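Results of the structural survey
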Amino acid sequence: MRLFPAFRSRIFDMMNDKPKSPWGGDDDGPRNPWSMPPGGRPPRGSKPTALDEFLRRARGGGGPGGPGGGFGGLPGGPAMRGLWIGGAVVIVALWVLFTSVHQIAPQQRGVVTFFGRYAGTLAPGINLTLPAPIAAVKRVDVEKIRDIYFPAAGTGQNLVLTGDQNIVDLSYKVSWNVNNPQDYSFELADPDQTVAAVAEAAMRAVMATVTLDEAIGAGRAQIAIRVRTLMQQILNDYHSGVSVTGVDINNAAAPEKVRDDFKLVSAAQQEAQSNLNRARSAAQQITARAEAEAKQFDLAYEQYKLAPDVTRRRMYYETMEAVLAKQNKVILEAPGVAPYLPLPGMTPRAPEADVVVSPPGGKR
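In this report, the structure presented in the accompanying data block is examined. In this text the structure is predicted, and so the values were computed from the model without any measurement.

A look at the packing of helix 5 (residues 191–207) against helix 7 (residues 220–237)
Packing of helix 5 against helix 7 brings their axes to within 9 Å, and their N-to-C directions diverge by 130°. As judged from the angle between their axes, helix 5 and helix 7 are oblique. Once helix 5 is placed against helix 7, the crossing between them reads as right-handed. Only Ile 223, Arg 226, Val 227, Leu 230, Met 231, Ile 234 and Leu 235 of helix 7 make contact with helix 5, whose side of the interface consists of Val 195, Val 198, Ala 199, Ala 202, Met 203, Ala 205, Val 206 and Met 207. Broken down by class, the residue content of the contact of helix 5 with helix 7 amounts to 14 nonpolar, no polar and 1 charged.

Focus on helix 5
Its 17 residues give helix 5 an end-to-end C-alpha distance of 24 Å, which sits within 8% of 24 Å, the value for a rise of 1.5 Å per residue. Listed as buried for helix 5 are Pro 191, Val 195, Ala 196, Val 198, Ala 199, Ala 202, Met 203, Val 206 and Met 207. End-on view of helix 5: buried residues confined to an arc of 165°, all on one side of the axis.

Considerations on the pairing of strand 6 (residues 146–150)
Side chains Arg 146, Ile 148 and Phe 150 of strand 6 all project onto a buried face; the interleaved residues Asp 147 and Tyr 149 project onto a face where none is buried. With 5 bridges joining them, strand 6 and strand 8 (residues 167–178) adopt antiparallel strand pairing. Within strand 8, the position partnered with Asp 147 by the bridge is Ser 175.

Some remarks on the packing of aromatic side chains
Taken as a whole, this structure holds 5 aromatic pairs when the rule is applied. With centroids separated by 5.9 Å and ring planes inclined at 80°, the aromatic side chains of Tyr 118 and Phe 186 adopt a geometry described as edge-to-face. One end of the pair, Tyr 118, is in strand 3 (residues 117–122); the other, Phe 186, is in helix 4 (residues 181–186), with 68 residues separating them in the sequence. Relative to Tyr 184, the ring of Trp 176 has its centre 6.4 Å away and its plane inclined at 45°; by these criteria the two rings are tilted.

Points about the pattern of salt bridges
Per the counting criterion, the structure on display carries 4 salt bridges. Linking Glu 302 and Lys 305 is a salt bridge whose minimum nitrogen-to-oxygen distance equals 3.7 Å. Taken together, the residues span about one helical turn, with Glu 302 and Lys 305 both in helix 8 (residues 259–306) at a distance of 3 residues. Relative accessible area serves as the criterion here: at 41%, Glu 302 is assigned to the partly exposed category. The residue Glu 318 makes a salt bridge to Arg 314 at a minimum N-O spacing of 2.9 Å. Separated by 4 residues within a single helix, Glu 318 and Arg 314 lie in helix 9 (residues 308–324), roughly one turn from each other. The class for Arg 314 is partly exposed, based on a relative accessible area of 38%.

Reading the values: the criteria
Residues numbered from 1 in each chain as written. Predicted model: local features only at pLDDT ≥ 70, side-chain atom pairs only at ≥ 80, totals over all residues. Heavy atoms only, no water. Axes fitted to C-alpha atoms, helices over the stretch in contact; angles between N-to-C directions. Helix = DSSP H or I, 4+ residues; strand = E, 2+ residues; numbered from the N terminus. Parallel < 35°, antiparallel > 145°, perpendicular 65-115°, else oblique. Left-handed = near helix turned anticlockwise from the far one by under 90°. Contact = heavy atoms within 4.5 Å. Nonpolar A, V, L, I, M, F, W, Y, C, P; charged D, E, K, R; others polar. Expected span 1.5 Å × (residues − 1). Buried < 20%, exposed > 50% of the residue type's maximum accessible area, 1.4 Å probe, protein only. Arc of directions from axis to C-beta. Pairing = 2+ DSSP bridges. Phe/Tyr/Trp six-rings, centres within 6.5 Å; stacked < 30°, edge-to-face > 60°. Salt bridge = Lys/Arg side-chain N within 4 Å of Asp/Glu carboxyl O.

Pasting the structure below:
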C-alpha cells in the first residue's frame, strides 16, 4: 500500500511544476484546481478532490492503512468472493439450460452425438440431452425437397453422348430429400456434391443405351424413370440416407451448331409419321368394310343352305333390280309373238333398249 502515496505525491509534483502547468507559471493567474496549497496539505474542512477520491477507492479504503475493499466501490473480502461464486453459478446454469434443452420442429430430426459418436435421433418436440460439449445435436430437415439443376446456371451446354454415337444437349432436374438422418449425417461429407455426381453418372449411363430419336422424342419419360432407379440403387449402396423423389428432363435437343439441320430432320420424321398414321387409318376402314361384307355373305349363305331355290331366285331378282334400276327397258312375255312396236320412238335417249327375259327354269 506504500506505492499509492508515492504515486500520488509524484502526480502532485508534476501538476505543481509551473513551467509545465497548462495554467501557466504566473502566480497571479488562475490557480490549478488539482494543485496542493502551499505547505503540501489541503486545508482543514476542504473537500477531497476527484483524484483523491479515485485513489482512495483504488487502494481499497479511506486512505493509507485503512480497511481493505473492492475496486470501484464493490465490496471486498468474503462478500466479493460470494458474488463471484454466484455469478459463476448463474453462467453455468444458463449454459446447461441452453445446451441441454432442444426444440425439434415437426419437419426435423435431431442427430445426437456423445463426444462426436452417434448416440441417437431425437423426435419432434422438446428433448433433453447432456450439456455441451459432452453431447451435441444436429438438426436435419427430412421433409425439404432439394433440387439440383443440370447444367448449373451460367455453365452453358450439357452435351451427352447417345448409344447411336450422336450428341444431345440435355438439361434436367433432380429432386431429393433425406430419409435417414443418421446415414445422411455420417456417411456423406458433402451430400449435394455426392448427389450431383451420382445424378450425372446415372444420366450418362442411361443415355449411352438409347438412340437419338428416343432421347429427343417420346422416350424421355422412360429415360427419366431409368435414371431415377439407377440413382437410388447407387445411393443405397453408399448408405447415403438420401431418397430420390424425381428426375425431370426439361429439354433434349441437338447441339446449337447443327440445330437447324436437326429441325429439318425432325419435321420430315413428323410428316412421315403423319402419313403412316393416315395409311393405317385407311387400312383399318377398308378392313372393317370387308369384314362387314364377309359377315353379310356368311348370313346369306346360311339362308341359302336352308332354301337353295328360293334364295337363288331372290338373289337373282335383287341383282337384276340393282343392274336395271336406271336403264330403259322393254319386256316381252309371250313366247313366239313379235308385235310391232315403234321402238325408236319410245325413248329419245337411245335407239336400243334392254330386253329382259324370264330366268331359265321358271317364270318371272
